[in-house]
Amino acid sequence: MKSFSLLIPALLATASMFGQSIIVDSILVGNIYRDYRLYVPAIYDGSKAVPLVINFHGYSSNNLEQEYYGNFKPLADTANFIIAHPNGTIDAFGNRHWGNLLPGPKADDSGFIAAMIDKLSSQYQIDQNAIYATGMSNGGNMSYLLGCDLSEKIAAIASVTGFMTAAELSSCQISHPLPVMIIHGTADAVVAYNGTSYFLPVEDLVYEWVGKNGCNNIPEILQVPNTNLADNCTAEHWIFKDGFQNSSVELYKIFGGGHSWPGAFVNLNVTNQDFSASAEIWRFFRKYRLNELMSSTEPEIWEGFDISPIPFSDQLSVDIPESIRQGDFSMYDSKGSLILQKNAVSGQLTIPTDNLLPGIYFAALRVGDKIYRQKIVK
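So, how was this worked out
Residues numbered from 1 in each chain as written. Predicted model: local features only at pLDDT ≥ 70, side-chain atom pairs only at ≥ 80, totals over all residues. Heavy atoms only, no water. Helix = DSSP H or I, 4+ residues; strand = E, 2+ residues; numbered from the N terminus. Expected span 1.5 Å × (residues − 1). Buried < 20%, exposed > 50% of the residue type's maximum accessible area, 1.4 Å probe, protein only. Disulfide = S-S within 2.5 Å. Phe/Tyr/Trp six-rings, centres within 6.5 Å; stacked < 30°, edge-to-face > 60°. Pairing = 2+ DSSP bridges. Axes fitted to C-alpha atoms, helices over the stretch in contact; angles between N-to-C directions. Contact = heavy atoms within 4.5 Å.

Q: Any chance you could explain helix α7 (residues 202-213) here in plain terms?
A: Because the α-helix completes a turn every 3.6 residues, residues three or four places apart line up on one side. Between its terminal C-alpha atoms α7 stretches 17 Å, which fits the 16 Å expected from twelve residues at 1.5 Å a residue. Taken across its twelve residues, α7 has nine buried, putting it largely inside the fold. Those residues of α7 lying buried are Val202, Glu203, Leu205, Val206, Tyr207, Glu208, Trp209, Val210 and Asn213. Positive phi appears at Gly214, one or two residues downstream of α7, with a value of about 65°.

Q: Can you walk me through the state of the cysteines in this structure?
A: What is meant by a disulfide is a covalent connection between two cysteines, made through their sulfur atoms. What the rule picks out here adds up to one disulfide. The disulfide partner of Cys148 is Cys172, and the S-S distance across this bridge is 2.0 Å. The sign of the -95° torsion about the S-S bond sets the Cys148-Cys172 disulfide as left-handed. With Cys148 in helix α5 (residues 138-149) and Cys172 in the loop between α6 (166-170) and β9 (180-185), this residue pair connects regions lying 24 residues apart in the sequence. Exposure remark for Cys172: the relative accessible area of 5% places this residue in the buried category.

Q: How do you make sense of the packing of aromatic side chains when you look at a structure like this?
A: The geometry of an aromatic ring pair comes down to the distance between the two centres and the angle between the two planes. Scanning all chains against the criterion turns up 15 aromatic pairs. Ring pairing ties together the aromatic residues Phe81, Tyr132, Trp282 and Phe285, which thus form one cluster.

Q: Help me understand the sheet that holds strand β12 (residues 249-255) in this model?
A: Strand-to-strand pairing in sheets goes through backbone hydrogen bonds, with the strands running parallel or antiparallel. Read from one edge to the other, the open sheet built from ten strands follows the order β1-β2-β4-β3-β7-β8-β9-β12-β11-β10, with strand pairing classed as mixed. In this open sheet, the two strands that pair with only one neighbour each are β1 (21-29) and β10 (220-224). Taking the axes of each pair of neighbouring strands and ignoring which way they run, one obtains an average angle of 20° across the sheet. In this structure, strand β8 (residues 156-160) lies alongside β9, joined through four bridges in parallel fashion. Following the sheet pairing, Ala158 is matched in β9 by Met181. Contacting β1, β2 (32-40), β3 (50-56), β4 (82-86) and β7 (126-136), helix α4 (residues 109-123) crosses the sheet at an angle of about 125° to β1. Sitting on the sheet, α7 touches β9, β11 (234-240) and β12, and the angle it makes with β12 is about 170°.

Structure below.
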């Protein structure tokens, strides 16, 4: 993303003409001074608590470039939220990075962000129920990691061209439903949409978060109007609803889109211009508040029935309590395709599964207007 760095001085000069504040500061974490840029809109007057959006740069980029490339400032100017742009540490190749991207000793990135949140909360009126994380590429990966490591602070996350590894996903522990938006191009040459030996395929990752949040695993799919024919790509918007505490997972699948931030002011690697990633991320974030996501729930309402063994191999046994033996039991694959459906009245079901490939599946029991769901693995 260094290709637009020459434009930044002019943009900075333009920004200085208005009443917004840009603060550059640092904090000592693990014997390392970690720095960040803060954007405080002119509308902020300290009279009420406002949201905080943390926006992470990609590998080899920096916080200044991300501030202008993944631009939330016009939105902050009207919606009244503060934006933090942290800097990653510098690796052996001289590039800034986050998290587990490279082998070797790791900086305490999550500790840095936790300390930054605490410091900003002491200096500004930050709404502790409206702290969100987003980022580009390696910054998208950091957003996932932050959602896992600091779920007690983060209300929702969004990744643009980001990734997770299987190891990161398996170690991810969240203390509440965590709404996730994922934006990714099918022609991304840096973080392949279909995955690699290191990165999980994007749609597999989507369905993992669908399972974590207990969402309906059959999405509503909307076509994004192709308003810009010159950008050489189109987009679909997948919406997985009805998760725990009304959480959701959303995917913007950009057909032919590259490793880029939709709506950005420069065209890098085929940039979709049919929608603004920043605007859609803010629309998504503003729906969720941490205290509402952390409200008490009764997990049995969502699980409702016992499945064994987990993981399964050649067959599944399903034990359905008498109180909910009025519906239909269904199984879906990770893409939401119906595999089988059986009446649940008997309460005991034995399902041959030797014909199923290893992977993630979803079991569902529909009783009236309620759906009881479980994620299962072969």
